[in-house]
Each structure stands twice: as C-alpha cells, then as structure tokens.
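Now for the letters of each chain:
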Amino acid sequence: ASSSPFLNPSARSRPGDLAIVLLARDSYQPITLEQSTGAVDGYVEGKVLNTRFGSFPHSTFLDVPWGSQIRASHVDTGSRGRKRKLEASGEDTSTPGADDEAKDSEAGSQLTRKAASAPSGFVHILKPSPELWTSALPHRTQVVYTPDYSYILSRIRARPGTRIIEAGAGSGSFTHASVRAVYNGLPQKPEDKKGKVFSFEFNEDRYHKMQDEIVEHKLADMVHLTHRDVYGEGFLVEGKSPEATAIFLDLPAPWKALKHISRRRPQTDGETPKPDDGNWISPLDPKKSVHICTFSPCIEQVMRTVTELRRLGWVDVDMVEVAHKRINVLREKVGLNLPNKKGCNLTPANVTESIDRLKEINEKTKDFNNAQKEKDGDAMAVDPKDSGKANRQGNGKEEEDEKPWAQGRVVHRPEGELKTHTSYLVFAVLPREWSEEDEAAASARWPCGK
Ligand code: SAM
C-alpha cells in the first residue's frame, strides 16, 4: 500500500506529514510538519507557522487527530525568525508580529517566555486530500477545480487500475485528483496496481516544481512526469507505450496533440490516417476503448478540437459546461417573529412596524459585520470561548434555547460572486480495434447459435 498522505493518511499527525491548515473559510495553508529539537541553551528550537490569527509552533500540530482545532501559542514565537532569549522575569513583553499571510518561518525560530497580549485565535489542522490540495496549492497556472475534475474523472472512466495520460501538468491540481482515482491506496485485485498517471509538462520551471511536489507527497510510484512538448513529441514514456485508456488535455491547443493519441502513425494536419506500417508505437491500450476529455475556455478552441477528433475517428463527441454554484442555506427573519425593542419575540401586528423593525435589524447587522471585519478580518480570529457571545440573540437568549422555527424561515441563495464558467469540456471515445484474430477468438469463446 502507498505511504502517500493523499492515499493512506495516518490517524494522527506525524513529523514529516503534509498537513493543510484551515485558517478561515476558503483560506488554507499547506505545511510539512517538523519536530522541534527541544530547548537548547535558553531557546526552544522549532518551526513556527505565523498567521494573522497568532503563531503556531509545529509542535502544537503534532500527534493530534486530523481535524483538531489548535489554539495559538501563548508564548512569543519570535515570528520571522527573530531570536529572543528565554527569560525568567518579564522584561520584554512585545507580541509576535502577525503576518498578513500565513508564513512558515525558517527553522530556528525561537519560543520565548509568556507574552501577556499574544493573539488567541485558532486554526484547524486537516488531513490532505486532492480537494484541499486544489484549494491550498501554490498556483503556477490556472488550475482545474473540484466540480470539473470530479465530473471529468467519471466521464473518462478513471477507476483503480486505469492508466491516464494528462497534459499539461501545470500546478498539479488534476494530477492529485486523478492519482487517487486510479490508485485507491488499498488495491483489491492485481490489475488495480496497474493504475498510473502519465503527466507531461513543457515549461521547465513548472516541471521541476511539480516533480519536487510529487516526491514530497510520496506519489512518485503512481505519477510519471515527463518534461516534453507534446504537440511535437507525443506521449510515449522512455520510448514505450503507457497503454492508456483515459486522456485529459488541458492545453492551449489540444487539437495539435490529438494526432499522437491515435492507433496509427501520426498524420500531418488535414491528412486522412493511413494504416500503420508496424514501426509506430501507439500510447493507447490496443485492447480497450479510450475516453478523452479536453478542457478549453473558448468555443473556437472547442470547434477546432471537435473537427480534429472527428477526422481521427473518435465517436460520441459531445461538449459539457459545468455550471457549479455553491448554495447558502440560512434562516431569515422576514415578517415572522421579529424580536421587538424590549427583546421579546412577537408576530408583528402591522406591516409598517414589521418593515421599520427589519430596517433597524439590517442596519445593526451591517454595523456588526463591518466592525467584525475591521477587527480581525474573519470570525476565525474570535476566541472560541467568546464565540457564544456572537451567537446570542438581541433578546439575550441563547440561540440553541430558541425554537428553530422562531429563528426565521429557511431560505437558500446561490453565492453571487462565484464565477460559473471555467471551461468547456469536450468528451469523445475511440473504440478499440477489432481484427480478424479478435473476431476468431471471440467466435471460439462464444460460438454463435450453439
Ligand atoms: N491541469 C493543470 C492543473 O489542474 O493544475 C493546469 C494546466 S495549465 C492550464 C496548462 C499547462 O500546459 C501549462 O503549465 C503549460 O506550460 C502546459 N503546456 C502548454 N503547451 C504544452 C505542450 N505543448 N506540451 C506540454 N505542456 C504544455
């Protein structure tokens, strides 16, 4: 079984593990956990994650169940690598500098004595998954997001044992999702072990960064990355066929690569495929149909891809756009049980009173939200033991004491700011080849009419 944290994570966090730190909603920081080396000569050595919610020595993230909430350190961690001497009495009471962005400071940052005004925020430590990696990864390019890749992987029939060709690798978002699809970590059957991702990237810098990530994430057995211009050089790996049955092309001009994903020798554009002379190696599994998806933002690119797919004998060509929306479900107090100024819930006797009260509540809510935003940028910075205050109603009653129906009507709204168009997905199938020998073998196995 693989030791990759994406495929077989440990039950608790360990030194050397990749962890995703949840800072706030939709704000993640990937870190590799490091063991501290203990107190040496008045200093406590160890890596520290400095965030706007406080400082978190890696030691506080270790040996906890994934998903745990971790409180900020109450000691000055000397963010940005500043060294301060551990002291018995409180001369230096300065607080650690909270960075705008989370930063894993250099190894050797020092923990010092208790700082009276150290921030008391918290974060959560999460087990890596392809979905979280997509949200946390360092963007080197546009990436494919979860709503698209989950649909793509099902349409190209990615499952344990499938061999996938992917180009270009870019930031590795699709790579991480596809490796989990083709290698489920606990192979059941021998053929499950054949699952592999053959990834291609022609930008040298991105290729090296991606290769480092694959090794760091312990995925090197399951992902083979090649530095290559696939338009010119195709998809063989060290001269051999990857024997792929699933293809994903996220390239500026996917039609230029299609001639290589063929069962025949590559043709120059516009030529009809000729029978192979026997010397050409196809990157495809000769005994299985092949499913492809190409990912293009413009309809003009789609049209060129579709034309080329048809020319090369692909069938079942269709195009899909995934219009993903996140929907918020909440309770809204419209014309129902509005708390009056004395704090009692009432059903308003007349519409005017109801509207006036609603305006007042809206104003107060806006003021509260703005003050909150200014204060710390996010509700995550609120100390959990104070968070009950934010949940209290204007009437001083705890939310949980109130009947759910009295909290308002359930409404749902799509989040407006989400962009819905990422790209058009073109799908197609290349049927398996069927020779005289295949027909003879099939007839021998299932004799007709006998
Ligand atoms: N699918 C990737 C992900 O989810 O992170 C993002 C891919 S990015 C949009 C496109 C990548 O294709 C870029 O990194 C680019 O360098 C690479 N690329 C462009 N032309 C290429 C070619 N001819 N051969 C190989 N890679 C190419």
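Quantities reported herein were computed from a predicted structural model and do not represent experimental measurements.

The rules behind the values
Residues numbered from 1 in each chain as written. Predicted model: local features only at pLDDT ≥ 70, side-chain atom pairs only at ≥ 80, totals over all residues. Heavy atoms only, no water. Pairing = 2+ DSSP bridges. Helix = DSSP H or I, 4+ residues; strand = E, 2+ residues; numbered from the N terminus. Axes fitted to C-alpha atoms, helices over the stretch in contact; angles between N-to-C directions. Contact = heavy atoms within 4.5 Å. Buried < 20%, exposed > 50% of the residue type's maximum accessible area, 1.4 Å probe, protein only. Salt bridge = Lys/Arg side-chain N within 4 Å of Asp/Glu carboxyl O. Patch = residues over 30% accessible without salt bridge, like charges linked within 9 Å, V, L, I, M, F, W, Y side chains within 5 Å. Areas by Shrake-Rupley, 256 points an atom, 1.4 Å probe, with all protein chains shown as cover. Lys, Arg positive; Asp, Glu negative; His and termini not counted. Charge placed at Lys NZ, Arg CZ, Asp CG, Glu CD. Near = heavy atom within 4 Å. Polar contact = N/O pair within 3.5 Å; in protein donor to acceptor, adjacent residues only side chain to side chain. Nonpolar A, V, L, I, M, F, W, Y, C, P; charged D, E, K, R; others polar. Phe/Tyr/Trp six-rings, centres within 6.5 Å; stacked < 30°, edge-to-face > 60°. Lys NZ or Arg CZ within 6 Å of the ring centre and 35° of its normal. Core = buried A, V, L, I, M, F, W, Y, C linked by side-chain atoms within 4.5 Å. Domains from an automatic or database assignment.

Draft legend 1. Spotlight on the sheet that holds strand 12 (residues 196–201). Taken together, seven strands build an open sheet; the order of strands is 13-12-11-14-15-21-16 and the sheet is mixed. Each having just a single partner strand, strand 13 (223–227) and strand 16 (315–321) make up the two edges of the open sheet. Averaged over all neighbouring strand pairs, the angle between strand axes comes to 15°, with direction disregarded. Looking at chain direction, strand 11 (residues 163–167) and strand 12 are connected through five bridges and run parallel. Paired with Ile165 across the bridge in strand 12 is Phe198. Its contacts with the sheet place helix 3 (residues 173–182) against strand 11, strand 12, strand 13 and strand 14 (246–249), and it is angled at close to 160° to strand 12. Relative to the sheet, helix 4 (residues 204–216) contacts strand 12 and strand 13, its axis offset from that of strand 13 by approximately 160°.

Draft legend 2. Spatial organisation of the pairing of strand 21 (residues 424–430). For strand 21, a buried count of seven out of seven residues is recorded, marking the element as mostly surrounded by other parts of the structure. Judged from the five bridges that link them, strand 16 and strand 21 form a sheet pairing that is antiparallel. Bridge pairing in strand 21 places Glu321 opposite Tyr424.

Draft legend 3. The arrangement of the pattern of salt bridges in detail. In total, this model carries 12 salt bridges according to the counting rule given. The partner of Asp318 in a salt bridge is Arg155, with the nearest N and O atoms 3.1 Å apart. With Asp318 in strand 16 and Arg155 in helix 2 (residues 146–155), this residue pair connects regions lying 163 residues apart in the sequence. What makes Arg155 partly exposed here is its relative accessible area of 23%.

Draft legend 4. Representation of a positive patch on the surface. A grouping of Arg157, Arg159, Lys189, Lys194 and Lys288 is seen on the molecular surface, where their side chains present a positively charged patch. Checked against the element boundaries, Arg159 lands in the loop between helix 2 and strand 11.

Draft legend 5. Local environment of the site of the ligand. As a matter of local geometry, the ligand sits amid 22 residues, with Ser171, Glu201, Arg206, Asp229 and Asp250 nearest to it. A distance of 3.2 Å separates an oxygen atom of the ligand from a polar backbone atom of Ser173. Contacts to the ligand include Phe202, whose backbone N or O atom sits 3.3 Å from a nitrogen atom. Starting from 600 Å² of accessible surface for the ligand in isolation, the protein chains cover 92%. Looking at the shell around the ligand, the elements that each hand over two or more residues are helix 3 and helix 5 (230–233). Considering only residue class, the shell around the ligand consists of nine nonpolar, eight polar and five charged.

Draft legend 6. Looking closely at unusual backbone geometry. Note that the residue after Ala167, namely Gly168, is joined by a cis bond; omega there is -15°. As for its placement among the helices and strands, Gly168 is situated in the loop between strand 11 and helix 3. Even without glycine at this site, Glu243 takes up a positive phi of about 55°. Tracing the backbone shows Glu243 in the loop between helix 5 and strand 14.

Draft legend 7. Focus on the packing of aromatic side chains. Tallying each qualifying case throughout the model produces six aromatic pairs. Geometrically, the ring pair formed by Phe6 and Trp133 is edge-to-face, given 6.3 Å between the ring centres and 80° between the ring planes. Here the residue Phe6 occupies a position in the segment before strand 1 (18–24), and Trp133 occupies one in helix 1 (residues 130–136), the gap between them amounting to 127 residues. Classification of Phe6 as buried rests on a relative accessible area of 7%. Given a relative accessible area of 4%, Trp133 falls into the buried group. In this structure an aromatic cluster arises from ring pairing among Phe174, Phe248 and Phe295. Over the face of the ring belonging to Phe427 we find Arg155, whose NZ or CZ atom lies 4.1 Å from the ring centre.

Draft legend 8. Just the nonpolar core, in detail. Counting residues in each nonpolar core, the largest one holds 41 residues, and the members touching the most others are Ile152, Leu153 and Leu219. No other element matches helix 3, which puts five residues into this core. Counting contributing residues per domain, this core is built from domain 1 (18–126) and domain 2 (131–324 + 422–445), each supplying no fewer than three. Those residues in contact with Ile152 that lie beyond four places of it in its chain are Val144, Phe174, Phe248, Cys293, Phe295, Leu425 and Phe427. Listed in part, the 26 residues of the second largest apolar core include Phe198, Leu249, Leu258 and Val290.

Draft legend 9. Broad picture of the pairing of strand 11. For strand 11, the buried fraction is high: five of the five residues fall into the buried class. Side chains of strand 11 alternate between two faces, with Arg163, Ile165 and Ala167 and Ile164 and Glu166 buried alike. Where strand 11 lies against strand 14, four bridges are found, and the strand directions are parallel. In the sheet register, Glu166 faces strand 14, and the bridge partner there is Phe248.

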